[in-house]
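Remarks on the overall topology
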Amino acid sequence: MSLEGNYDPDNIFAKIVRGDMPCVKVYEDANTLGFMDVFPQSSGHMLVIHKRSKARNLLDVNPDDLAHIMNSVQKLTRAAKATLNPDGIIITQYNGAPAGQTVFHLHVHIIPRYEGDLKPHASGNMADMDELQALATRIKAGF
Ligand code: AMP
């Protein structure tokens, strides 16, 4: 999908927000949801989305909704640093399929970086759900 198009209310993240699909939740407030990426690029890879925004990407989003998303990104990034002790943390966001976007509900990636351990984007290896749950529990202790 290009940078232009209609929001699909049945995209995976919309289903997660509605509770039609499970997720390993790390954080939720009135506006946003933070959860573990099931195909993680590193240990502790999380995603943050807005729960009501129909933005597909950064170009579509209302600035107030974006501010809520980024506040939560900072909160989760701080929690990841405090609990997982990474060497660095990548914050990234893809716009349009040619740029690497696969889910067209605006989301921001939080990817803890450990020396010598970073898998490529969309590498296709699904995480163990118990491991994701354990990581989510650790990160929550950092709020
Ligand atoms: P992007 O390629 O930027 O659109 O990122 C989409 C991300 O969503 C990828 O990193 C996928 O691993 C992740 N993902 C896809 N399906 C799910 C899911 N059901 N729960 C959590 N993460 C998912």
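Small disclaimer: the values here were computed from a predicted structure and weren't measured.

Next up on the list: the overall build of the protein. Within the protein, the secondary structure is distributed over three helices and five strands. The secondary structure elements of the protein, listed N-terminal to C-terminal, are α-β-β-β-α-β-β-α. Relative to a compact globule of 143 residues, whose C-alpha radius of gyration would be 15 Å, the protein shows 14 Å and is just as compact. Sorting the 143 residues of the protein into buried and exposed places 43% on the buried side. Taking all contacts inside the protein whose residues are at least 6 apart in sequence as the whole, residues at least 24 apart take part in 63%.

Here we come to the nonpolar core. As a rule of thumb, nonpolar side chains are buried together in soluble globular proteins. In terms of nonpolar packing, the biggest core is built from 23 residues, with Val26, Met36, Met46, Leu76 and Ile139 touching the most fellow members. Taken together, the elements giving at least two residues each to this core come down to β1 (25–28), β3 (46–50), α2 (63–84), β5 (107–113) and α3 (129–140). Per-element tally for this core: the top contributor is α2, with six residues. When sequence neighbours within four positions are dropped, the list of residues in contact with Val26 reads Gly34, Phe35, Met36, Met46, Leu76, Ala136, Ile139, Lys140 and Phe143. By size, the runner-up hydrophobic cluster in this structure holds seven residues, among which are Phe13, Ile16, Leu47 and Val103.

Strand pairing within a sheet occurs via backbone hydrogen bonds; the two strands may be parallel or antiparallel. Ordered by their spatial adjacency, five strands build an open sheet running β1-β2-β3-β5-β4, and the pairing between neighbours is antiparallel. Edge positions in the sheet fall to β1 and β4 (88–92), since each of these pairs with one other strand and no more. Averaged over all pairs of adjacent strands, the angle between their axes in this sheet comes to 20°, without regard to strand direction. Relative to β3, strand β2 (residues 32–36) runs antiparallel, the two sharing five bridges. Bridge pairing links Leu33 to Ile49 in β3. In the packing of α2 onto the sheet, contacts are made with β1, β2, β3, β4 and β5, and the angle to β3 comes to roughly 160°. Each of β1, β2 and β3 touches α3; the most contacted strand, β1, lies at about 35° to it.

What counts and what doesn't
- Residues numbered from 1 in each chain as written.
- Predicted model: local features only at pLDDT ≥ 70, side-chain atom pairs only at ≥ 80, totals over all residues.
- Heavy atoms only, no water.
- Helix = DSSP H or I, 4+ residues; strand = E, 2+ residues; numbered from the N terminus.
- Rg over C-alpha atoms; globule rule 2.2 N^0.38 Å.
- Buried < 20%, exposed > 50% of the residue type's maximum accessible area, 1.4 Å probe, protein only.
- Contact = heavy atoms within 4.5 Å.
- Core = buried A, V, L, I, M, F, W, Y, C linked by side-chain atoms within 4.5 Å.
- Pairing = 2+ DSSP bridges.
- Axes fitted to C-alpha atoms, helices over the stretch in contact; angles between N-to-C directions.

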